[in-house]
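Examining the three-dimensional arrangement
Residues per chain, in single letters:
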Amino acid sequence: MKNSLKFRVGFPLLIVAIVIPMIFPFIWMFMSAFKTQVDIISWPPKFLFSPTLVNFNKVFNEQNFLLYLKNSIIVGVAAVFVSLLLGLPAAYSIARFKQKRLSMMILVARLMPGISFLMPWYIVFSRLGLMDSYTALILSHILIALPVVVWIMSSYFESVPMEMEESAMVDGATQQRAFVSIILPLSVPGIVTATTLSFIFSWNNFMFSQVLSMEKTRTLPIAVYNFMSYAEVDWGGVMAATVAIMTPAIILTMVFQKYVVKGLTMGAVKG
Amino acid sequence: MKRILAVLLIVSLSFVVFAQGASEAPAKQQEIRVLLANHPYGELLKPLIPEFEAQSGIKVNYESLQESQLTQKLTTEFATGSSTVDVFMTRPLQEGLLFIKNGWYGSLAKYDFGDYPAASVDLGRKDGVPYIVPLVIEWQVMYYRKDLFKKAGVKVPTNFVELEAAAKALTKDGVAGFGSRGKGAAAVTQISSFIYNFGGNYLENNVAVFDSPEALEGFRYYGRLLGNYGPQGIASMSWENLMPVFQAGKLAMWTDASVFLGQVVDPTKTNIPAEDIGVAQLPAGPNGDSPFIVTSWGMAMSSKSKNPDAALQFLNWATSKELAVKGMLANIPMSRDSAWANDTVRKNMNAELIATQAHAAKNGYPLDRPFMSAVGQARDLIGEVIVEAIDTKGTSTRLPALATEKAKAVNELLKADGEYGGK
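Residues numbered from 1 in each chain as written. Chains lettered and ligands numbered in written order. Predicted model: local features only at pLDDT ≥ 70, side-chain atom pairs only at ≥ 80, totals over all residues.

**Description of the overall build of chain A**
Counted only if it meets this: Strands are runs of DSSP state E lasting at least two residues, helices are runs of H or I lasting at least four, and both sets are numbered from the N terminus onward. C-alpha atoms define the radius of gyration, and 2.2 Å times the number of residues to the power 0.38 defines the globule rule. Exposed residues have 12 or fewer other C-beta atoms within 10 Å of their own C-beta, buried residues have 20 or more, and partly exposed residues fall in between, where C-beta atoms are placed from the backbone. We call two residues in contact if the C-beta atoms placed from their backbones are at most 7 Å apart.
From N to C terminus, chain A includes 13 helices and 2 strands. Taken against the 2.2 N^0.38 rule, which gives 18 Å for 271 residues, the C-alpha radius of gyration of chain A at 23 Å runs more than 25% over that of a compact globule. Looking at chain A residue by residue over its 271 residues, the buried ones come to 35%. Across chain A, every contact between residues at least 6 apart in sequence was considered, and the portion connecting residues at least 24 apart equals 78%.

**A look at the overall build of chain B**
Along the backbone of chain B there are 19 helices and 12 strands. Relative to the globule expectation of 22 Å for 423 residues, the C-alpha radius of gyration of chain B, 24 Å, shows essentially globular dimensions. Oriented by its inertia axes, the alpha-carbon framework of chain B measures out at about 85 × 55 × 40 Å. Residues counted as buried form 49% of the 423 residues belonging to chain B.

**Some remarks on the interface of chain A and chain B**
Operational definition: The nonpolar class holds Ala, Val, Leu, Ile, Met, Phe, Trp, Tyr, Cys and Pro. Asp, Glu, Lys and Arg form the charged class, and all remaining residues, Gly among them, are polar.
Contacts between the two partners involve 26 residues from chain A, matched on the other side by 31 residues from chain B. Of all the secondary structure elements, the ones that give two or more residues to the side of chain A that touches chain B are α2 (37-41), α6 (115-127), α11 (207-212), β1 (228-229) and β2 (232-233) of chain A. Of the residues forming the side of chain A that touches chain B, the biggest block, 6 residues, is contributed by α6 of chain A. Looking at side-chain class alone, the side of chain A that touches chain B contains 15 nonpolar, 8 polar and 3 charged residues.

**Some points on the packing of helix α10 (residues 213-229) of chain B against helix α19 (residues 399-416) of chain B**
Residues and elements named next belong to chain B. Note the threshold: Helix axes are fitted to C-alpha atoms over the stretch in contact, other axes to C-alpha atoms as well, and angles between N-to-C directions run from 0 to 180 degrees. Our angle categories are set so that under 35 degrees counts as roughly parallel, over 145 as roughly antiparallel, 65 to 115 as roughly perpendicular, and the remainder as oblique. Crossings are sorted by hand: turned counterclockwise from the far helix by less than a right angle, the near helix makes the crossing left-handed, and turned clockwise it makes it right-handed.
It is at 11 Å that the axes of α10 and α19 come closest, and there the two elements cross at 120°. Relative to α19, the element α10 lies oblique. Pair α10 / α19 crosses with right-handed handedness. In this structure, α10 uses Leu216, Phe219 and Arg220 to contact α19, whose residues at the interface are Leu399, Pro400 and Ala403. When the residues that make up the contact of α10 with α19 are grouped by side-chain class, the tally is 5 nonpolar, no polar and 1 charged.

**Considering the environment of Thr135 of chain A**
Within the fold, Thr135 of chain A resides in helix α7 (residues 134-159). As a C-alpha pair, Thr135 of chain A and Ala79 of chain A span 56 residues in sequence and 9.6 Å in three-dimensional space.

**Some words on the confidence of the model for chain A**
As a note on interpretation, predicted positions should not be read in detail where pLDDT is low. Residue and element names in this part refer to chain A. Where we set the bar: How sure the predictor is of each residue is captured by pLDDT, a score from 0 to 100.
When pLDDT is averaged along chain A, the result is 86, and 94% of the positions lie at 70 or above. Per-element confidence in chain A ranges from a low mean pLDDT of 79 for helix α13 (residues 235-266) to a high of 93 for helix α4 (residues 65-97). Note on residues 266-271: pLDDT under 50 across the span, and 6 contacts to partners over four residues away in sequence or across chains.

**Remarks on helix α14 (residues 321-329) of chain B**
Residues and elements named next belong to chain B. The line we're drawing: Note that the arc is computed from the directions linking the helix axis to the C-beta atoms.
Of all the positions in α14, only Ala324, Gly327 and Met328 are classed as buried. One face of α14 carries all of its buried residues, which in axial projection span an arc of 100°. Buried-residue contacts for α14 involve α2 (40-45), α15 (337-341) and α16 (343-348).

**Observations regarding the nonpolar core**
Taken as a class, soluble globular proteins show a tendency for nonpolar side chains to be buried jointly. Basically, it comes down to this: By definition, a nonpolar core groups buried Ala, Val, Leu, Ile, Met, Phe, Trp, Tyr and Cys residues that connect through C-beta atoms lying within 7 Å of each other.
Membership of the largest hydrophobic core comes to 123 residues, with the highest contact counts inside it found for Leu35, Val87, Met253 and Phe314 of chain B. By residue number, the principal contributor to this core is strand β6 (residues 133-145) of chain B, which donates 9 residues. The residues contacting Val87 of chain B, other than those within four sequence positions of it, are Ile32, Val34, Met299, Met301, Ala311, Phe314 and Leu315 of chain B. Counting 38 residues, the second-largest nonpolar core is a separate cluster that includes Tyr92, Trp121, Ile142 and Phe157 of chain A.

**Describing the confidence of the model for chain B**
Residue and element names in this part refer to chain B. Within chain B, residue pLDDT values average 90, and 93% of them lie at 70 or more. Of all helices and strands in chain B, the one with the weakest mean pLDDT is helix α1 (residues 2-23) (49), whereas strand β3 (residues 87-90) scores best (97). Across residues 15-28 the pLDDT falls below 50, and counting only partners more than four positions away or on other chains, this stretch makes 6 contacts in the model. Confidence estimates for the predicted assembly give a pTM of 0.83 and an ipTM of 0.77.

**Structural notes on the environment of Leu84 of chain A**
All names here are of chain A. Within the secondary structure, Leu84 is located in helix α4. Separated by 62 residues in the primary sequence, Leu84 and Leu146 have C-alpha atoms spaced 7.3 Å apart. Ignoring sequence-local partners within four residues, the contact set of Leu84 consists of Val149 and Thr195.

**Let's talk about the domain arrangement of chain B**
Residues and elements named next belong to chain B. Basically, it comes down to this: Where a domain begins and ends is set by an automatic assignment or by a domain database.
When cut into domains, chain B gives domain 1 (27-131 + 294-358) and domain 2 (138-292 + 365-416). Taken together, the contacts link 17 residues of domain 1 with 19 residues of domain 2. Listing elements by their share of the side of domain 1 that touches domain 2, those giving two or more residues are α5 (92-101), α6 (118-122), β12 (293-301) and α17 (351-363). For the side of domain 1 that touches domain 2, the element with the most residues is α5, which contributes 5 residues. Of the residues that constitute the side of domain 1 that touches domain 2, the class distribution is 8 nonpolar, 7 polar and 2 charged.

Printed below as a string of structure tokens:
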């Protein structure tokens, strides 16, 4: 059946039909980033136009985009790093000792609307003189990253057979040693997934950065709004900025997606 | 036992952290924090701030934000009582009442308001104390395509009957005859002049009256115009959707605030040659000729400012006569009377625009939305009436009932804030 003509023609067509509506906004965004304002607004829409780099010039030269990029990277990397440091042992403990209540509490922290954290945070951080500091932003982004790490990893650890740890412990390792030397290396694919996802969530976060950052620590999603002012929207600038922001996230996903899939097929069960 | 120890450890650790925070020295002297909006006037100020710093010896830390972000940030900072803001840009009609009520604005009794229209200052006044310096004004105008009018042999409409006829005549060849905001809450400000011109209003003595027969006629007329002659999808369009349609040449008349003229005629942003674009005052209605003319932006001081003298000094500079003239020359219509009297300004500004301003200043109404603390919610409620009117092209039979229902809801909001009835 797989080789029937109907299938060979129909399946690719079906894929195209599904993919186009999904990918069209991205294509449109990408094209608009290279258009002048006049081309962007022209009707009927132009698919052939002479591309311009004006918008990217605005993004990287007139705006302090490299600073915002640096801020986003620092905050994202640090928040994910701390989350892994705390979250991996936590997830392991939840998986091994069936601490369901603890894991629910962590999930609740993620499910609560982020805005309910903002006020207390603002009070605490401003009293501590931490406003416009990376510390405040990193701490707030841990709230985004940590539950992701814990939830992905606890179910991952559960799937690692208990026998492997037990045999390590028979050989004289402590449970901590078994976790670090046996379980963690086996869980790399899961860790990569958790890292990628939590980094992207932090990268895209808008609300926390908006209130807790100021000029010096402003992150990328906030910076997109630099192109929107009262009674004026610079669509070209917005699109170029969005392209610049999305590119690292897309590359990251594409690179690690392969890795994750490969890791999963190798499977921990084989061991 | 272990648990108690752990709790003790956490408590003692957090003490260390908090103690550090408390011992932090107070802000250095003569340093202020300023929040600006992403607004042409903010852009105008930014490069000049170093001049002010050199002149006054005050260090200015400024930040510039998109307006809804600005409001959210200010609200968060003030509500938690830990704000470090000294001076900020503010929207008197959108957040003024709420901020005044919460005591977030600092008193400006020492500021010289002699050069401002009294009505614009009074909106930011409570119990005789002024709190907001009016900065930028805007009023409703009608942008139109001179070339299309000529081709269709239509004259610029001066009343609502002519406006409807013109809209009808100009709707052809893929061009929509008339456009104005149709997206619920956003449309509230733009339909306001239509309602005034039919003799209606949103609030009277702080009671919702937009279900009156006059106001309903306004809703119906607006709905009929947009439903019949508006661009496709008008009920979900705000200015950011309509402007591109006008710039692309697919709209013959567009009523909105005066602030858009600069972008409409900018050759890098529009397909239409500037000489084909005209600006006219909003046509008169059967019971009035009062386009809105409002103070869209003001500047204020925080009541929590630790440096009120430096803050006032900055405010005086940032709202000075000289800068107002600079603003006018950068196409920003300023609140100061003297800026409009300036000769250089009059020579350089679009004459049609000056004429519409003169008309609005003389006949206009100083509000474009229900003036109340819960203005955002009220706009959503009124917006539903507008969308219903547009969707049915003004013919809806349930419009009166809907308007009455929403007016009741707005009255509830007024009551909840203790603003219902009287001043």
